[in-house]
Amino acid sequence: MTTLHKTPATSLVPLTLTWLVLCVLTVLSLGLGQWFHAAAWLPLLVAVIVWVKGTMVARYFIESDLTHPFIRRLLKVFIAFAPLWLILTGFYGGQFAQWGSLFLKH
Amino acid sequence: MAAEAVLESGIETEAGGRIPGNKGMWVGITCEFVEFAVLFIVYFVARANFPDAFQNGAERLSRVSGTVITLLMVTSSFFIACSVNTMRSGKRRQSIYWLVAGLVVALGYPIAKYLEISSNLAQGINGESGIFFTVYYYLTFNHLVHATWGILGILWVLVRHSFGGYSVEDHHGLEALASYWHATDIIWLIIFPMFYVLA
């Protein structure tokens, strides 16, 4: 008889695969930073890698899909927060700095 | 049998899903996330205002140290997740071994950080070396403090585990510790590219 409810995992295979992908992405992002440090699109790519790594830890290590909706949302928002800022300041850093100086002046 | 035990007990069920560990730990993790979200805003405001300082600053940091710390964090997180999963399967002894492995790897983080900071100081890089380094020291030291709480937590859980404090039916303490360590890992995964990748 099958159950509709997901249960917490007992297998180590998904954890091992997640760990391998996280290690590869870490080394890859380091290489990207060195090879393309002047590229305008680097912040976008780095933001995507950060989001993927954070989501993998949440989904496979914390098993966020099985958690209470508050925990699920908390993880989703926090993991998306920095990559979003990374993209915004990467492409619109000048405008942000201008707005900041306006607040400081008045 | 073990899987049924996991399904029926050992889980705090709520209306919409389970709470890994306990509610108190998730209140703490929420506070930790809020604290670091504020620090990330400080980082991004500083980066937008002083792009050159951030461009040049990152090039003076040891990328090897950042990468080693990231690999240590990810690996210890993996080992601790394995400890939880083997406990769920009823393999208590294996679970303890995974936890010991997680602790040993986690202890590499403060050692790597010590070596990194020693190298920085030898090059004359301290908290007053410019806006980039002020933000770098503040954020990474803060993370080290949180990781230290985690390492102490691993030690405590390991002592309890060694004396039979956890079972297939009740291992909330182990899961709470694992949740905290994974959350601290996520924070480091965000910090790493901010200082070591984006030059």
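Preceding block: the structure.
Every value quoted in this text rests on a predicted model; they were computed, and no experiment measured them. (Residues numbered from 1 in each chain as written. Chains lettered and ligands numbered in written order. Predicted model: local features only at pLDDT ≥ 70, side-chain atom pairs only at ≥ 80, totals over all residues. Heavy atoms only, no water.)

### Digging into the packing of aromatic side chains
Stage number 1. Per the stated rule, a full pass over the model turns up 24 aromatic pairs over all chains.
Stage number 2. Seen in terms of ring centroids, F81 of chain A and W85 of chain A are 6.3 Å apart; in terms of plane orientation they differ by 50 degrees. Their pairing is tilted. With F81 of chain A and W85 of chain A both in helix 3 (residues 69-105) and 4 residues apart, this pair spans about one turn of that helix.
Stage number 3. Accessibility expressed as a relative area gives 21% for F81 of chain A, which makes it partly exposed.
Stage number 4. On the basis of an interplanar angle of 25 degrees and a centroid distance of 6.0 Å, the ring pair of F192 of chain B and Y196 of chain B is categorised as stacked. In this pair, F192 of chain B and Y196 of chain B both sit in helix 7 (residues 172-197), 4 residues apart, roughly one turn of the helix.
Stage number 5. What makes F192 of chain B buried here is its relative accessible area of 0%.
Stage number 6. Residue classification places Y196 of chain B among the buried positions, given a relative accessible area of 0%. (Phe/Tyr/Trp six-rings, centres within 6.5 Å; stacked < 30°, edge-to-face > 60°. Helix = DSSP H or I, 4+ residues; strand = E, 2+ residues; numbered from the N terminus. Buried < 20%, exposed > 50% of the residue type's maximum accessible area, 1.4 Å probe, protein only.)

### Here's the deal with the state of the cysteines
Stage number 1. On inspection of all chains with the given rule, the structure shows 0 disulfides over all chains.
Stage number 2. In this structure C82 of chain B is not part of a disulfide, and its nearest cysteine sulfur, from C23 of chain A, lies 12 Å away.
Stage number 3. For C82 of chain B, a relative accessible area of 0% gives the class buried. (Disulfide = S-S within 2.5 Å.)

### With respect to the interface of chain B and chain A
Stage number 1. Across the contact, 50 residues belong to chain B and 47 residues belong to chain A.
Stage number 2. Contact with chain A buries area across many residues of chain B, yet F44, F78 and I186 of chain B alone supply 14% of it, more than any other trio.
Stage number 3. Our enumeration of links across chain B and chain A arrives at 1 salt bridge.
Stage number 4. Scanning the region where chain B abuts chain A turns up 5 residue pairs in polar contact (both at pLDDT 80 or more).
Stage number 5. Elements supplying a minimum of two residues to the side of chain B that touches chain A: helix 1 (2-8), strand 2 (18-19), helix 2 (23-49), helix 3 (51-60), helix 4 (63-88) and helix 7 of chain B.
Stage number 6. Take the side of chain B that touches chain A: its biggest share by element is 13 residues, from helix 4 of chain B.
Stage number 7. When grouped by side-chain class, the residues that make up the side of chain B that touches chain A number 31 nonpolar, 13 polar and 6 charged. (Contact = heavy atoms within 4.5 Å. Buried area = accessible area lost by both parts, 1.4 Å probe. Salt bridge = Lys/Arg side-chain N within 4 Å of Asp/Glu carboxyl O. Polar contact = N/O pair within 3.5 Å; in protein donor to acceptor, adjacent residues only side chain to side chain. Nonpolar A, V, L, I, M, F, W, Y, C, P; charged D, E, K, R; others polar.)

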